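Report on the structure
Single-letter residue listing:
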Amino acid sequence: MKRARTAYTAQPWRIHEYTRDFRVEDVWSFRTPGAGPEDFPVMLDAMRSDGGFGRQTPAARFLFAVRWKLGALLGWDDDRAGLGARVRSLRERIPEELRRTTEGVASDGTPFSPVYLLPTESAAEIANRTVHAVMHLGWAPADAGGYELRMAVLVKSNGRLGRLYMALIAPFRYLVVYPALTRQWEQAWRERGRGRG
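Residues numbered from 1 in each chain as written. Predicted model: local features only at pLDDT ≥ 70, side-chain atom pairs only at ≥ 80, totals over all residues. Heavy atoms only, no water.

With that settled, consider the overall build of the chain. Looking only at helices and strands, the chain features 5 helices and 5 strands. For 197 residues, the compact-globule formula gives about 16 Å, and the C-alpha radius of gyration of the chain, at 16 Å, lands near that figure. Projected onto its principal axes, the C-alpha coordinates of the chain cover approximately 45 × 40 × 35 Å. Sorting the 197 residues of the chain into buried and exposed places 45% on the buried side. For the chain, the share of sequence-separated contacts (at least 6 apart) that also reach a separation of at least 24 residues comes to 67%. The average position of the 30 basic charges and that of the 22 acidic charges among the side chains of the chain differ by 6 Å. (Helix = DSSP H or I, 4+ residues; strand = E, 2+ residues; numbered from the N terminus. Rg over C-alpha atoms; globule rule 2.2 N^0.38 Å. Buried < 20%, exposed > 50% of the residue type's maximum accessible area, 1.4 Å probe, protein only. Contact = heavy atoms within 4.5 Å. Lys, Arg positive; Asp, Glu negative; His and termini not counted. Charge placed at Lys NZ, Arg CZ, Asp CG, Glu CD.)

As structure tokens, this is what we get:
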């Protein structure tokens with residue numbers, strides 16, 4: 001469910017210290033009935049067991065395939081446009097203790113690179129010719145009681161191209177990508193611990 005920016009900004013997460021020059025683009029929440037304050041790792045495990053970002057709906061897979069094809073044709077994703085080339089990684093801003101939290105973390109099928117992983121939040125980033133973006137996942141008290149997963153997308157656009165790109169993909173994020181993630185991740189929570197066959 002789409003949330004106001006304050007659902008992200010009002011939380012005492014570490015990410016705020018390192019992303020003051022990023023804009024909060026989107027904030028979304030995912031229901032996790034019965035969740036307690038220490039269940040963020042349980043939710044992350046449920047998401048990984050369910051296939052994480054690698055298991056998308058056909059519509060979302062199609063959109064990402066089109067995006068990667070366009071990126072290849074227009075040179076948006078070449079090595080000179082990414083982390084450590086066009087932009088410095090967010091990992092360079094954080095202390096060593098936070099960098100160490102991602103040692104041994106396996107890829108979850110996304111093009112995002114992990115920044116840090118804590119008991120109540122995680123951050124991952126991506127950079128290309130259009131944007132430098134951070135996906136932040138956090139664990140927060142739900143309005144109706146219990147706890148829920150919140151996702152914030154933080155963006156630093158690369159000039160006019162980046163702003164135009166973000167405006168053009170907004171309808172696809174809201175109509176296809178985020179609703180698909182909501183169904184997938186909320187189902188992963190409901191079915192956590194049941195073996196996949």
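Now that the structure is up, let's keep going.
What follows deals with helix α2 (residues 40–49). For α2, the complete set of buried residues consists of Phe40, Met43, Leu44, Ala46 and Met47. Buried residues in α2, looked at end-on, bunch into an arc of 160°, giving them a common side. Considering only its buried residues, α2 is in contact with β2 (113–118), β3 (121–127), β4 (131–141), β5 (147–157) and α5 (159–190). (Arc of directions from axis to C-beta.)

This brings us to the pattern of salt bridges. Counted according to the given criterion, the structure contains 17 salt bridges. One salt bridge in this structure joins Arg23 and Glu25, with 2.1 Å as the shortest N-O distance. Residues participating in the shared-partner salt-bridge network are Arg3, Asp143, Glu148 and Arg150. (Salt bridge = Lys/Arg side-chain N within 4 Å of Asp/Glu carboxyl O.)

Taken in spatial order, the 5 strands of this open sheet run β1-β5-β4-β3-β2, and their pairing is antiparallel. The open sheet has two edge strands, β1 (23–30) and β2, and neither has a second partner. Strand-to-strand, the axes of this sheet are offset by a mean angle of 15°, without reference to chain direction. Of the pairings in the sheet, the one linking β1 to β5 comprises 7 bridges and is antiparallel in character. Among the inter-strand pairings, Trp28 is bridged to a residue of β5, identified as Met151. Lying over the sheet, α2 contacts β2, β3, β4 and β5, oriented at roughly 125° with respect to β4. (Pairing = 2+ DSSP bridges. Axes fitted to C-alpha atoms, helices over the stretch in contact; angles between N-to-C directions.)

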